[in-house]
Each structure stands twice: as C-alpha cells, then as structure tokens.
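What follows is each chain in one-letter form.
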2 protein chains.
Amino acid sequence: METCSRTKLIVVGRKIFNEDSGMTRSYVLLTPGPLTTDLAVRRAMLRDWGSRDKSFINLSRDVQSRLSALAQAAASHVCVPLQGSGTFAVEAMISSLMSDQSRSLILVNGAYGRRMAEICRRLGRAFDIYETAEHEPPKAQDIDRILAENSAITHVLMVHCETTSGILNPLSEIAEIVKRHRRELLLDAMSSFGGIEIDLGALGITALAASSNKCLESVPGVSFVLCRHDALEKAQGNSRSLSLDLYDQWCGFKNNGQWRFTPPVQVIAALSKALDLLDAEGGVATRHARFRQNTDILINGMRALGFSTFLDDPLQSPIIVTFRPLPHPNFDARIFTQGLERRGFIIYPGKLTTEESFRIGCIGNITPSTMARVIAAAKSTLKDDMGIVGSSTSSV
Amino acid sequence: METCSRTKLIVVGRKIFNEDSGMTRSYVLLTPGPLTTDLAVRRAMLRDWGSRDKSFINLSRDVQSRLSALAQAAASHVCVPLQGSGTFAVEAMISSLMSDQSRSLILVNGAYGRRMAEICRRLGRAFDIYETAEHEPPKAQDIDRILAENSAITHVLMVHCETTSGILNPLSEIAEIVKRHRRELLLDAMSSFGGIEIDLGALGITALAASSNKCLESVPGVSFVLCRHDALEKAQGNSRSLSLDLYDQWCGFKNNGQWRFTPPVQVIAALSKALDLLDAEGGVATRHARFRQNTDILINGMRALGFSTFLDDPLQSPIIVTFRPLPHPNFDARIFTQGLERRGFIIYPGKLTTEESFRIGCIGNITPSTMARVIAAAKSTLKDDMGIVGSSTSSV
C-alpha cells in the first residue's frame, strides 16, 4: 500500500475516514483508474518545468517515441499526446481522423462504445451501431457481412477492453476483417494499452487512443492517440475543435517539438517515470502476466467466497472484473463496499445496464499479494459486517 | 529558487545544461506559465486519489467554491472545472455559452484575442473582430458605438491581460458598456485570475475562463470557467463537443459532485494547496501587490541597464513585461536569453507580430528579491557575455 513520503500510517478501522489533511489516509485503488501508482511516479512531479525549454521538449519527445514503440509502431504511427482525460483523446481521434464524408460502424457492448456513438452524434458524423449484449463480444462474421454489404462505411470504431463489464473484445479477429475490407479501424484502447500487447502495424490499425492512468500506471491528466502517418497527413481541417485537433497538435510537435497549448508538465514527467518502471518490470508482456495473476487470484478467491463473475472466463480481461452480488439474504453491496473501504480497498459499483453488480480492478501498482489481502478483507467483511459464514467460505 | 526535494544543487556555469536525469537542475521560470510553484504545491501531488471517492469529491467541491469566491461570485456564478489547458476552457466557454444564433464581437490586440476568433471560425459561430495595435487597448467609445449600431451582436469576447504584450485591457470600462447594452461578456482571464481582483457580479460578466497555472501559482492540467447560473442553464445542447460541453460537465457535478470523465486528481490536489497558499498570503489584493512590486523592480532595473518596455506604463500589467532589444551593437537576444538561463532564469521570446522583443514574467512563487537577482544576472550577462558596460549600467 503506497503512502505519501511524509506520512506512513498503519490504518486501522474507521481512522481512514478522517477528512482533515488528505495526507493521513492510504487506500489501494481497485478501480478503473485513477489507480494506485508507484511513489516514484508521483515523486517525479516534484519539479517545475518550463514547457518550451529544451529539457522538457526532450522529455516529451522521449515519452512520445516510447509510447509508439510500446505498440511496435515507432516507424508506422505517430504519438500525438493531448491534454485531458481519455475521452478527450477518443473525441480528438474521431473528430480529426474522420471527415464529414466518413461513415462509421461502431461496435457497442458497453458504456464506452455508446460514448463513441454519442461523440459521433454530436459531431454530426454519420454512424451505424452494431450492438451486442454486455457479456457478448462482437461476432466476426457479422462484421464481415456488414462491411461487405455497406460500402459507405469507411471506419470501424471499437473498444478493446470495455470496462463496463471487463470484457476483452476480439481485436485480432476484427482488425483482420477491417483490414481485409480496406476500412479504417479506430480503437479505444484506454484500459488495455500497456497491459495487453497490441501490434499496431501487424493488425493494420489506423489509430488507437489511450491515457496515462490505466495500464501505464501513471497519474491522470494526459492522453494520447497513436496514429498512422498517412491518416494523420490527411486529417487537416477535419476537426471543428481547435483544442482537440490532432492534426494541428501534431504540426506543433513537428515544427519545434512543443505543445501548442500549455501541457501538464508534471503529469508528463510522471508518465516518463512510469514508462521507466514498465521497462524495469520487463515490458508489456511481463506486466500482462502480473495483471493476469492478480485477476486469477481475485476470481478464484471470490468464487471460493460464493461470488460469481458476470463474464465467462474466456471473455474476461485481466483489467477489471464484474461480480454479481452474493446470493445470500444477508448480503448488501453497500455494506460490502464500505467494509472493503474500511479495510483499505476501494472498489467501484457496477456499470451494467441489465443487473446489479460491482467491479474490482486488477491493474495499477498492485501484486498477487495485494489480491490475497483483498480476498482476506472480503472474507472478513462478509463474516464480521454481515454475518455471512457459508460453507463455501471455509476453504479460503 | 525552488528545487526538487531530493536534490539541491548550486548550479554553476554550463552544468545546468546536463540533460541526464532531469532532477539535477533548478531554474526560476519567468514565463507566462507553467511557473515556478511552491514546493508545498508539488508535494500535494504525492498522494493517489480515487476520483469517485467522497474525499476527492469533497476536495474538488471545495476547490470549485473557493475559485468562485475569489471573484466575489459564490452566489451568482458556478465554477465548472475542465481537464486540459486554458485554451480548452476558452473553447468550452465559447462553444457552450454561445449558440448558432449568437454573434460575437471579439476584441483583439494580441495572439489570445486572435485565438478566440479562430475558435469561433472553426465552430462556425458568427463573429466580428475589433482590432487595435498590440500596444493599444480597445477604446470604450468604439465598443459603445459598435454595440449601439449592431443589434445582432449578442456576446463580447475579450482578453483581460493579453500576454502577447503584457497589456492589461480596460475590463471595468468595457464591462460597464457591455452591461449597459445588455450583451454578454465572455472574458479570457487566463493570466490575470488570482493576481488581479475581478468582481464578476459587480461587473456583470457572464463568464470567465482561467487556469491553475498562472496567478493561482499551481501546476498546469486543469482549467475552469466561472459562469453565471442563468447563462449555464440555457447552455444545454450548444456544444458540439462532448468533452468540452460545460453544461454536461456542470450536470455531472450537480448530480453527484463527480467529474464526468477522469479528472487529473493530483493536479486538483495541488490547486487546493495553492489556494491555501493564496489565502495565507492575504488573498488576491496582497498577491497583486507582490506582483506589482516584482514588476516595478524588473522594469526599473532593466531601464537602468538601457532597456525599454514595449508598453506605456499605464497599460502595463503586473503579469509579464515585453522588452525591446537593447539598442547596442553587441546586443544579441539569443545570447541574452542563454546567459540568463545559465544564471538560473528562464525568460521567453517575444510574441509581437510587429517587432523583435523578449518577455519576462513577474508571476509565480517569486518575490522582489528574486527580481533583484534577475537584474544582477542581466547586468552580468550584458557585461560578461556581450561586453556591454554602458554608462547606463553603472548605476545598477
């Protein structure tokens, strides 16, 4: 459990509810982000930087090229970072890389797919929606058929890991079909980038949007789009927003390495440190293995307590897991969440449209031993806060 | 001079050009922002926050109400914070508070006025430009006449302190005219908010946009719009951008105190600490007095060295000063800037369209004694780096 460097507390019981200084509490965030980060990442924010100085320009350039390299795309794709949250990057990608002549097919099985449709609707960009249930991935043969039958569709928009449920959508299959039909694939890889390997070039993906504060395990405040050169070169004049215009943002970097508008310098320094830590861990594959271990320990432990997962195992991402409420008359999701909070763990309510649920994230600066403590805390919460000691819990 | 907490170096000569760790150097930023901040502000970023937790919601709400209160607008205006740089907030203000039926009069005497026009042009919002030279404020009688003659103009857009030159535009006069003509005034107060007193209610200003990293002396990454209640209530559906929709952003806060999209939690914690420091200093009036002292010492010292200011004194803001190159055959602006950098001070090139210049900022965690050291460094740079020892410099 990370604490700030000034204060290191053993947190017991309700003490963590103190609201005074904001420095006296310490949680593990098991959420879809912001996440628990390494203290070294936060310490990287202790310096002031002039945003137009050579040292910051070099730092920013280095971050950009490392982000492209993470997706094996250093030669093919440009990294255009953007101030703001991940949604800003998704909107910038859609508004800059599509034109008024484009038409998109949006694959929806959760809130983030629906959000891409909302962005298109507002921008007045034509789109069709292909929707599956929140526990069902898009079917490759359907996409194949739709693209074959609809020549007006120029772009396919898809969420890689839909954190609404935690489902991992079948990127390789869909990308292969989009590529075969010579359409453009724009990917929301917000919660997968850095934690799941993506080979942009091999998959023929036009662009992906992601942010600093998910699997890259940095703090929030900067997002980015990895964009194929030729697509970016054709993007001039597409965006009606000045702030979210990826083409203009890219031109700024090309001209002098500088951000057009004031960048969050400390947040970018933190991301640079987080990329160091990713390298030190062994890269995306090693990090993926840790997340997978976290997920397995979580799911096995929760199942032993009687919980069931919303998704079938083959669809489950190693990012976030949606659980159903325990089928026990004493179980109360609010008490469960608060009990975990008192024990130092923040989890989030479910986001499903169809049923009650809660979600536990597996990413951030957390390890299998953290997950073992989560299970112990869950068991203690069931027993001590709700009087639930089922036979299924005795094995944990 | 602030340094990071881990490393405190006396920087001599070219050592500060070391590009290795990024942690071994220490500058005073005399720029239009990001600025030199207090170490306590940066230390406030050492904690992780869950963005949907009660503690963060309370922190964010507190920051919002304190920002409104700084403009005597706690009752009349809502503070809607937004991820991203100041330009994001200006665009959000324009796109959300104006509709397709609006027409604006944009007062331009520098790059930031021109940027507002560019935002309107891209958004397809009708506008007229009233432009004065970069050293001339808008004339009140002209605005009066234009508004009287053009009933189609619904909004007036203006920059308070235009950091292109450092000119302080006559807010009270213009606001009074706009109010009398019952039009709406949208103010870019980016580089003045927190350093120059603004009474939003008394001036009848509809909205102002500003950011964390100017006179509030925090780190960059969050901006905000202070917006009159009734104007915000009418703003639904105006913005074509999802990310930059102030109305939707406000609804999110109204519903549950939460940001719609992931907020830069550490940046907001830093802003909260910076507001504490502003209170501790004595508020906006006291800070303004410090900036004015900084400016006076800077201008007097530079004049004694033979430099002249671009602006007449009555127009000069206490934010940033534009100087003309020294009229001496040995003077080279590049050598001057580099010499100051070697001596620990970052200044910025000029942004005027009409003549060569450089700019020195007077805001941030710097004091009159910092400014005295700037003058000493300037004198040393002239003498040691360019061999300029004029009679005018002997008195310093």
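Reading the values: the criteria
Residues numbered from 1 in each chain as written. Chains lettered and ligands numbered in written order. Predicted model: local features only at pLDDT ≥ 70, side-chain atom pairs only at ≥ 80, totals over all residues. Heavy atoms only, no water. Axes fitted to C-alpha atoms, helices over the stretch in contact; angles between N-to-C directions. Helix = DSSP H or I, 4+ residues; strand = E, 2+ residues; numbered from the N terminus. Parallel < 35°, antiparallel > 145°, perpendicular 65-115°, else oblique. Contact = heavy atoms within 4.5 Å. Nonpolar A, V, L, I, M, F, W, Y, C, P; charged D, E, K, R; others polar. Pairing = 2+ DSSP bridges. Least-squares fit on C-alpha atoms with pLDDT ≥ 70 in both. Buried < 20%, exposed > 50% of the residue type's maximum accessible area, 1.4 Å probe, protein only. Polar contact = N/O pair within 3.5 Å; in protein donor to acceptor, adjacent residues only side chain to side chain. Left-handed = near helix turned anticlockwise from the far one by under 90°. Buried area = accessible area lost by both parts, 1.4 Å probe. Salt bridge = Lys/Arg side-chain N within 4 Å of Asp/Glu carboxyl O.

A short note on the packing of helix H10 (residues 265-281) of chain B against helix H11 (residues 284-304) of chain B
Residues and elements named next belong to chain B.
So, step 1. Close contact between H10 and H11 brings their axes to 7 Å; oriented N to C, the two are set at 85 degrees. Considering their axes alone, H10 and H11 lie roughly perpendicular with respect to each other. Contacts between H10 and H11 involve Leu-277, Leu-278 and Glu-281 from the former and Val-284, Thr-286, Arg-287 and Arg-290 from the latter.
So, step 2. Residue classes in the contact of H10 with H11 are distributed as three nonpolar, one polar and three charged.

Quick look at the sheet that holds strand E11 (residues 320-323) of chain B
Residue and element names in this part refer to chain B.
So, step 1. A sheet is described by the order of its strands in space; here three strands give the open sequence E11-E14-E13, paired in antiparallel fashion. Pairing within the sheet leaves two strands with one partner each, and these edge strands are E11 and strand E13 (348-349).
So, step 2. As defined by bridge partners, E11 adjoins strand E14 (residues 358-361) across four bridges and the pair is classed as antiparallel. Bridge pairing links Ile-320 to Gly-361 in E14.
So, step 3. H11 contacts E11 and E14 of the sheet and is inclined by roughly 15 degrees relative to E11.

Let's talk about the relation of the copies chain A and chain B
So, step 1. In the superposition of chain A on chain B (RMSD 0.0 Å, axial shift 0.0 Å), the rotation amounts to 180 degrees. Such a combination of turn and shift is consistent with a two-fold rotation axis. Taking the C-alpha atom as reference, chain A places Gly-84 of chain A closest to the rotation axis, 2.3 Å from it.
So, step 2. The overlap is high: 98% of the interface residues of chain A also sit at the interface in chain B, so the same surface is used on both sides.

Structural notes on helix H9 (residues 246-256) of chain B
Since the α-helix turns once every 3.6 residues, residues separated by three or four places project in the same direction.
Residues and elements named next belong to chain B.
So, step 1. Those residues of H9 lying buried are Leu-246, Tyr-247, Gln-249, Trp-250, Cys-251, Gly-252 and Phe-253.
So, step 2. Taken together, the buried residues of H9 touch helix H2 (54-70), strand E2 (77-83), helix H3 (86-97), strand E10 (222-228) and helix H8 (229-233).
So, step 3. Among the residues of H9, the N-terminal cap falls to Asp-245, whose side-chain oxygen and the backbone nitrogen of Tyr-247 are separated by 2.9 Å.
So, step 4. Positive phi shows up at Gly-257, right after H9, with a value of about 75 degrees.

Considerations on the packing of H2 of chain B against H10 of chain B
Residues and elements named next belong to chain B.
So, step 1. At a closest axis distance of 10 Å, the pairing of H2 and H10 adopts a crossing angle of 45 degrees. Looking at the two axes, H2 sits oblique to H10. The two elements H2 and H10 meet at a crossing, and its hand is left-handed. Where H2 approaches H10, its residues Phe-56, Leu-59, Ser-60, Val-63, Arg-66, Leu-67 and Leu-70 are matched on the opposing element by Val-265, Ile-268, Ala-269, Leu-271, Ser-272, Leu-275, Asp-276, Leu-278 and Asp-279.

Focus on the interface of chain A and chain B
So, step 1. Opposite the 62 residues of chain A that make contact, chain B presents 61 residues.
So, step 2. Carbon and sulfur atoms supply 55% of the area that chain A and chain B bury against each other, a total of about 5200 Å² over both sides.
So, step 3. Looking at the side of chain A facing chain B, the largest losses of area belong to Leu-46, Asp-48 and Arg-122 of chain A, adding up to 14% of the total buried there.
So, step 4. Applying the counting rule to chain A against chain B returns six salt bridges.
So, step 5. The closest approach of N and O atoms between Arg-122 of chain B and Asp-248 of chain A, which form a salt bridge, is 2.6 Å.
So, step 6. At the junction of chain A and chain B, the tally comes to 22 residue pairs in polar contact (both at pLDDT 80 or more).
So, step 7. Among the secondary structure elements, those contributing two or more residues to the side of chain A that touches chain B are helix H1 (39-43), helix H2 (54-70), strand E2 (77-83), helix H3 (86-97), helix H4 (111-123) and helix H10 (265-281) of chain A.
So, step 8. With five residues, the single largest contributor to the side of chain A that touches chain B is H4 of chain A.
So, step 9. Counted by class, the side of chain A that touches chain B contains 24 nonpolar, 20 polar and 18 charged residues.

Bear in mind that shape data such as this cannot, by itself, settle questions of function.
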